[in-house]
Each structure stands twice: as C-alpha cells, then as structure tokens.
Amino acid sequence: MLNRIIIMGRLVRDPELRTTQSGVSVTSFTLAVDRDFKNRDSGEKSTDFIDVVAWRQTAEFICKYFAKGRMAVAEGRLQIREWKDRDGNNRRSAEVVADNVYFGDSKRDSASGDSYGGPPPYGSPAPASYGGGYGAPSAEPSGFAEIDDQDGDLPF
C-alpha cells in the first residue's frame, strides 16, 4: 500500500516547538496551498489550508528556519485522526505527518524577509564563514586564502 503526499504552500503562522512528556520535539503548522485551477465564477484560485505535523529533528529544523509567509514543501504521509469534541461528538481530522520539509522559496522571495537567517540545507553542516545570506560577503574570517593568479606551483 502507498500513502505518500507532497504539498507546497505558505505557512499561515509561525511554527512553535513543543515537547512531549517523554521529551520528543513536535510542531504543527498549517500550509496555505493554492489550487492549480481558477474558479469559473470569480476567476480566482481557491486555497486549501492543510495541517502538517513534524516530529524530532524535522520539527526543530522547521521551528528554527521557517516563519509565517515562508514557502515550504512538506513530504510525508496522510493521517486521519479521530477525536471527540467538547459536546462528545466524534470528529475526524486529516493531517500530513511530514518526514521531510524543504524550502519552497529563497530568502529574497520570502514574504518574511528579515526574519529568515538563510540556513544551510537540512542535514549539512554550516560553513564556518556563513554570514546569513546567499553569496553575501561575511565579516567573519572564512578560513580560506585567496589564490594568486600568478602562482605557478599549482598542479592544475
């Protein structure tokens, strides 16, 4: 059986990191996902608001690097959760349990611009000279020396 879902949309609010009683990190957020087609009557695209839940390192990554308005791509599985409301009625909710979350835009395209620090890709270490922008010069020393074009000792 296959239960795989990939959605792309903008965060409707800032994600908040919570922990379970056993110390496991978890966050939940909502993505506003535009439909590909326009409404015949109004000529506007409809938007679906899809709940997403992420656990452990993925939750920590999201809370550290994503904010309201950022475009995100969530990959995971669809989960139907049953619960009772205040009146005791049975309810069902659909949500995406995210295994991976990717950036759907760049810092430059971000709606929240200045709140985004420009992280390295998830799972890779940040370079020592990382200055917070793509291609932006860093005030910190990079650990690399500039090569002189006149150096004849280069093996290539």
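Residues numbered from 1 in each chain as written. Predicted model: local features only at pLDDT ≥ 70, side-chain atom pairs only at ≥ 80, totals over all residues. Heavy atoms only, no water.

Caption draft 1: Quick look at the packing of aromatic side chains. All told, the structure shown has four aromatic pairs when counted by the stated rule. Seen from their ring centres, Phe-66 and Phe-103 are 4.7 Å apart, and the 15° between their planes marks the pair as stacked. With a gap of 37 residues between them, Phe-66 in the loop between helix H1 (56-65) and strand E5 (71-84) and Phe-103 in strand E6 (residues 90-103) connect regions that are remote in the sequence. Judged by relative accessible area, which is 25%, Phe-103 ranks as partly exposed. A network of ring pairs unites the aromatic residues Phe-61, Tyr-65, Phe-66 and Phe-103 as a single cluster. (Phe/Tyr/Trp six-rings, centres within 6.5 Å; stacked < 30°, edge-to-face > 60°. Helix = DSSP H or I, 4+ residues; strand = E, 2+ residues; numbered from the N terminus. Buried < 20%, exposed > 50% of the residue type's maximum accessible area, 1.4 Å probe, protein only.)

Caption draft 2: A look at the pairing of strand E1 (residues 5-11). As paired elements, E1 and E5 share six bridges and run antiparallel to each other. Considered in E5, the bridge of Ile-6 is made with Glu-75. Examined bridge by bridge, E1 and strand E3 (residues 25-38) share two bridges and lie antiparallel to one another. Looking at E3, one finds that Arg-10 is bridged to Ala-32. (Pairing = 2+ DSSP bridges.)

Caption draft 3: Spatial organisation of the pattern of salt bridges. Overall, the coordinates contain seven salt bridges when judged by the stated rule. The salt bridge partner of Arg-70 is Asp-105, with a shortest N-O separation of 2.3 Å. One end of the pair, Arg-70, is in the loop between H1 and E5; the other, Asp-105, is in the segment after E6, and 35 residues separate them in sequence. Each member of the pair, Arg-70 together with Asp-105, is buried. When the shortest N-O distance is used, the salt bridge between Arg-81 and Glu-95 registers 3.2 Å. Note that Arg-81 is positioned in strand E5 and Glu-95 in strand E6, a separation of 14 residues in sequence. Accessibility expressed as a relative area gives 37% for Arg-81, which makes it partly exposed. Given a relative accessible area of 10%, Glu-95 falls into the buried group. A single salt-bridge network, built from bridges that share partners, covers Arg-4, Glu-75 and Asp-99. (Salt bridge = Lys/Arg side-chain N within 4 Å of Asp/Glu carboxyl O.)

Caption draft 4: Quick look at the pairing of E6. Bridge analysis of strand E4 (residues 45-55) against E6 gives three bridges, and the strand direction is parallel. Across the sheet, residue Val-52 finds its bridge partner in E6, namely Val-96. Here E5 runs beside E6; their pairing, made up of 13 bridges, is antiparallel. Looking at E6, one finds that Ala-74 is bridged to Val-101. Hairpin geometry of E5 and E6 is characterised by an intervening segment of five residues between the two adjacent antiparallel strands and by a positive phi of about 85° at Gly-88.

Caption draft 5: Inspection of the environment of Asp-14 at higher detail. Along the polypeptide, Asp-14 turns up in the loop between E1 and strand E2 (18-19). We classify Asp-14 as partly exposed; its relative accessible area is 45%. C-alpha separation for the pair Asp-14 and Ile-62, spaced 48 residues apart in sequence, amounts to 9.6 Å. Sequence-distant contacts of Asp-14, defined by excluding residues within four places in its chain, comprise Ala-67 and Lys-68. A distance of 2.6 Å separates the side chain of Asp-14 from the backbone nitrogen of Lys-68, its partner in a polar contact. (Contact = heavy atoms within 4.5 Å. Polar contact = N/O pair within 3.5 Å; in protein donor to acceptor, adjacent residues only side chain to side chain.)

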